[in-house]
Amino acid sequence: MAAVSSTSSPSSAQGNFVGRLAQLPWWLLLLVLAGVTLLYQFLTNELYTVILDKLARGIMTTIFVTLVAFSSAIVIGLIAGLGRVSKNPVIYNLATLYVQVIRGLPILVWIFYVAFVLTPAFFTLTNALGDALSPLLGADNFLSKANTQDVTLLGRAIIALAFAYGGFEAETFRAGIQSIGRGQMEAARSLGMSYFQAMRYVILPQAVRRVLPPLGNDFIAMLKDSSLVSVLGVRDITQEARLYVAASFRYPETYNTLAFVYLSMTIVLSLIVKGVEARLGKDGRGS
Amino acid sequence: MGAAANGNGQDMIVIRNLVKRFGHVEAVNGVSLTVARGQVVVIIGPSGSGKSTVLRCINHLETPTSGEIWVDGMKLTHNHKDINAIRAEVGMVFQQFNLFPHLTALENITLAQKVVRRRDAREADRIARAQLERVGIPEKADAYPGQLSGGQQQRVAIARALAMNPKVMLFDEPTSALDPEMIKEVLDVMLELAREGMTMVVVTHEMGFARNAANEIVFMDKGLIVEQNTPDEFFANPRESRTRAFLSQILR
Ligand SMILES: Nc1ncnc2c1ncn2[C@@H]1O[C@H](COP(=O)(O)OP(=O)(O)OP(=O)(O)O)[C@@H](O)[C@H]1O
Ligand SMILES: [Mg+2]
């Protein structure tokens, strides 16, 4: 017995060793290595320090856009998601139209469309409404005076991102709501609760637990997509990087730094999402 | 106005010519049934005979295709406010319990009291604990449904319905999803409830319960009531051949 096991052990140990080696998170190691190299550059290379300093000016804008657009998207998505499960055909069709339009358009195109078509159209409408109501509100009322320029490009960018992600979250919420068994709604209704009471106290609390992980992932996606606002000239970190490159032609240094900043944020966030997911998985009353 | 139409005030549930179609499927083909105050009616019949559908029409979980239903003199219409008001008076217990898994047993029982009956938290809490006591599991107040056995879950579901002070209780095969050793604890609660004078409509395959608790047994087949009688008569002298065939199968 012992002899057999000792002769066979070297090869199996070697297999084990290779197996374990292959299981190490090499991607993380390489990433950290790249990060450390960059970090070293930040500390020693003056150019990197200058670039980091420039990008830092945009960081508040990036965070602001992400937070405001994402929290708005959750509200929009919840409303549209409820519309998608509604039995009222008008509400259902409106919600479905919205979701289909959002899903069918590239976000970049949607951002241009909101900024330069929908926002002006909205103000044309309010102006016309103000003029029509001028006998009531006076000739110079706020509706007829409202101007497209009142909404900054930052504002339009946030609105566009919020409605784009609102369309995605609508489907997330719809799937979450529909994953809750029919019996839950029936039990709530049989106790005399209205549809909205049943949604609020019984269905949504369970559905929200289930959609928390996808929402977390979408939050990270939103952070990345917030870089798209740079096409409107909004000075987030991407725009700051583009401006610096345009003046300095320091392509590798600038985009190295930009990538480093985004990756640091998204990796930290994804670890947080994983942690939350694990905690939700542990207390098994979500079923 | 409904009270006038359904005659004397003794009748808790009056169903007239109830028809329910699902597309081409005729689930209920014209059922008329009266349940007097304090009566226990047990509905039996083969699978697909329309038992659940009749029950679910009584609290409008299904909208009748035609026919009329009164509950304690109130006529069921399509008006949502009225439907919610009637549902609060009609407790329902499901085969699959349908407890709210994100809430504790106590919270399951207090929720509708608070949002439908508008009781304050302390009052709802007191009533919930009393109902848990009544169904024999006061110590499970803070347990989540996932931590309870099937029998315990069903008893919480009964307590949840009772806490609304319903005038009628509907049971749709309340013991069919339970392991055999847990059936008795649920039936005992239901027997006690019947003794206390609760008006009950029960769909069940538990013939022992039907014998002991029912004032009347209704046998349904193919969406119709085939036979209706007191338990003694029903089991001793079934009149219809279809009833005899069903009984011989189920009592074998
Ligand atoms: N939501 C529905 N959609 C379509 N058909 C339905 C629906 N609910 C019930 N049915 C059909 O209506 C008929 C009666 O169903 P019902 O559930 O009332 O029978 P049941 O007597 O309760 O049977 P079981 O003992 O199996 O519970 C069946 O043919 C069933 O398939
Ligand atoms: Mg049934």
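Up top is the structure.
Let me sum up the structure you'll find in this document.

What counts, and at which threshold
- Residues numbered from 1 in each chain as written.
- Chains lettered and ligands numbered in written order.
- Predicted model: local features only at pLDDT ≥ 70, side-chain atom pairs only at ≥ 80, totals over all residues.
- Heavy atoms only, no water.
- Helix = DSSP H or I, 4+ residues; strand = E, 2+ residues; numbered from the N terminus.
- Rg over C-alpha atoms; globule rule 2.2 N^0.38 Å.
- 1 Å grid on protein atoms, 1.4 Å probe; cavity = no way out; pocket = protein on both sides within 12 Å on 5 of 7 lines; lining within 4 Å.
- Points joined across faces, edges and corners; volume = space filled by probe spheres on them.
- Nonpolar A, V, L, I, M, F, W, Y, C, P; charged D, E, K, R; others polar.
- Salt bridge = Lys/Arg side-chain N within 4 Å of Asp/Glu carboxyl O.
- Buried < 20%, exposed > 50% of the residue type's maximum accessible area, 1.4 Å probe, protein only.
- Phe/Tyr/Trp six-rings, centres within 6.5 Å; stacked < 30°, edge-to-face > 60°.
- Lys NZ or Arg CZ within 6 Å of the ring centre and 35° of its normal.
- Contact = heavy atoms within 4.5 Å.
- Buried area = accessible area lost by both parts, 1.4 Å probe.
- Polar contact = N/O pair within 3.5 Å; in protein donor to acceptor, adjacent residues only side chain to side chain.
- Axes fitted to C-alpha atoms, helices over the stretch in contact; angles between N-to-C directions.
- Parallel < 35°, antiparallel > 145°, perpendicular 65-115°, else oblique.
- Left-handed = near helix turned anticlockwise from the far one by under 90°.

**Section: the overall build of chain A**
Alright, step 1. A count of helical and extended segments in chain A gives 12 helices and zero strands.
Alright, step 2. The secondary structure elements of chain A, listed N-terminal to C-terminal, are α-α-α-α-α-α-α-α-α-α-α-α.
Alright, step 3. Taken against the 2.2 N^0.38 rule, which gives 19 Å for 287 residues, the C-alpha radius of gyration of chain A at 26 Å runs more than 25% over that of a compact globule.
Alright, step 4. If one aligns the C-alpha atoms of chain A with their principal axes, the spans along those axes are about 100 × 65 × 25 Å.

**Structural notes on empty space enclosed by the protein**
Alright, step 1. Counted by the stated rule, this structure contains two cavities of 30 Å³ or more.
Alright, step 2. Taken as a whole, the largest cavity spans an internal volume of roughly 40 Å³.
Alright, step 3. The wall of the largest cavity is formed by Ala187, Ser190 and Leu191 of chain A together with Val90, Gly91, Met92, Ala157, Arg160 and Ala161 of chain B.
Alright, step 4. Among the elements of the structure, helix 9 (182–190) of chain A together with strand 6 (90–93) and helix 6 (150–162) of chain B are those that each provide at least two residues to the lining of the largest cavity.
Alright, step 5. Across the lining of the largest cavity, the residue classes break down as six nonpolar, two polar and one charged.
Alright, step 6. Considering the residues around the second largest cavity, the lining is formed by Ser190 and Leu191 of chain A together with Arg87, Ala88, Val90, Gly91, Ala161 and Met164 of chain B.
Alright, step 7. Its residues assigned to classes, the lining of the second largest cavity shows five nonpolar, two polar and one charged.

**A word on the pattern of salt bridges**
Working definition: two side chains of opposite charge can pair if their charged atoms are close together.
All names here are of chain B.
Alright, step 1. Summed over all chains, the structure comprises 20 salt bridges over all chains.
Alright, step 2. Notably, a salt bridge pairs arginine 21 with glutamate 26, separated by 3.1 Å at the nearest N-O pair.
Alright, step 3. Overall, the relative accessible area of 38% leaves arginine 21 in the partly exposed class.
Alright, step 4. Among the ionic pairs, aspartate 72 bridges to arginine 37, the shortest N-O distance being 3.0 Å. Placement of aspartate 72 in the loop between strand 4 (66–71) and strand 5 (74–75) and of arginine 37 in the loop between strand 2 (25–36) and strand 3 (40–44) is noted, with a sequence separation of 35 residues between them.
Alright, step 5. A residue is classified by how much of its surface remains accessible, and arginine 37, at 39% relative accessible area, is partly exposed.

**Quick look at the packing of aromatic side chains**
Alright, step 1. Applying the stated criterion across every chain, the model contains 11 aromatic pairs over all chains.
Alright, step 2. Between phenylalanine 42 of chain A and phenylalanine 260 of chain A, the ring centres sit 5.3 Å apart and the planes meet at 65°, which makes this aromatic pair edge-to-face. Of the two residues, phenylalanine 42 of chain A sits in helix 2 (residues 26–44) while phenylalanine 260 of chain A sits in helix 12 (residues 251–282), which places them 218 residues apart along the sequence.
Alright, step 3. We classify phenylalanine 42 of chain A as buried; its relative accessible area is 8%.
Alright, step 4. Ring centres of phenylalanine 122 of chain A and phenylalanine 123 of chain A lie 5.5 Å apart, and the angle between their planes is 85°; this geometry places the pair in the edge-to-face category.
Alright, step 5. Accessibility expressed as a relative area gives 9% for phenylalanine 123 of chain A, which makes it buried.
Alright, step 6. Cation over ring: arginine 160 of chain B sits above phenylalanine 100 of chain B, and NZ or CZ is 4.5 Å from the ring centre.
Alright, step 7. Note that arginine 211 of chain B overlies the ring of phenylalanine 235 of chain B, its terminal NZ or CZ placed 4.3 Å from the centroid.

**Here's the deal with helix 3 (residues 80–89) of chain B**
Count 3.6 residues to each turn of an α-helix, and residues three or four apart come out pointing the same way.
Alright, step 1. Among all positions of helix 3 of chain B, only Ile83, Asn84, Ile86, Arg87, Ala88 and Glu89 of chain B are buried.
Alright, step 2. Packed against the buried residues of helix 3 of chain B are helix 9 of chain A together with strand 4, strand 5, strand 6 and strand 7 (168–172) of chain B.

**Focus: the interface of chain B and chain A**
Alright, step 1. Tallying the contact residues gives 23 residues for chain B and 19 residues for chain A.
Alright, step 2. Of all residues in chain B, Phe100, Pro101 and His102 of chain B give up the largest surface area on contact with chain A, accounting jointly for 28% of the area buried on that side.
Alright, step 3. Inspection of the region where chain B meets chain A yields one salt bridge.
Alright, step 4. We note a salt bridge from arginine 56 of chain B to glutamate 186 of chain A, for which the minimum N-O separation is 2.7 Å.
Alright, step 5. Where chain B packs against chain A, one counts six residue pairs in polar contact (both at pLDDT 80 or more).

**Regarding the side chain of histidine 102 of chain B**
Alright, step 1. Looking at the secondary structure, you find histidine 102 of chain B in the loop between strand 6 and helix 4 (105–115).
Alright, step 2. Within the structure, the side chain of histidine 102 of chain B is placed 3.0 Å from the backbone oxygen of tyrosine 201 of chain A, a separation counted as a polar contact.

**Here's the deal with the side chain of glutamate 171 of chain A**
All names here are of chain A.
Alright, step 1. The residue glutamate 171 is located in helix 8 (residues 153–178) in this model.
Alright, step 2. On the basis of relative accessible area, glutamate 171 is assigned to the buried category, the value being 10%.
Alright, step 3. Sequence-distant contacts of glutamate 171, that is, excluding residues within four places in its chain, are made with Arg84, Val99 and Arg103.

**Some words on the packing of helix 5 (residues 107–132) of chain A against helix 8 of chain A**
Residue and element names in this part refer to chain A.
Alright, step 1. The interhelical angle for the contact between helix 5 and helix 8, taken along N-to-C directions, is 125°, at an axis separation of 9 Å. The orientation of helix 5 relative to helix 8 falls into the category oblique. In this structure, helix 5 crosses over helix 8, and the sense of that crossing is right-handed. Contacts between helix 5 and helix 8 involve Ile107, Trp110, Ile111, Val114, Ala115, Phe116 and Thr119 from the former and Leu153, Arg156, Ile159, Ala160, Leu161, Phe163, Ala164, Tyr165 and Phe168 from the latter.
Alright, step 2. In the contact of helix 5 with helix 8, the residues fall into 14 nonpolar, one polar and one charged.

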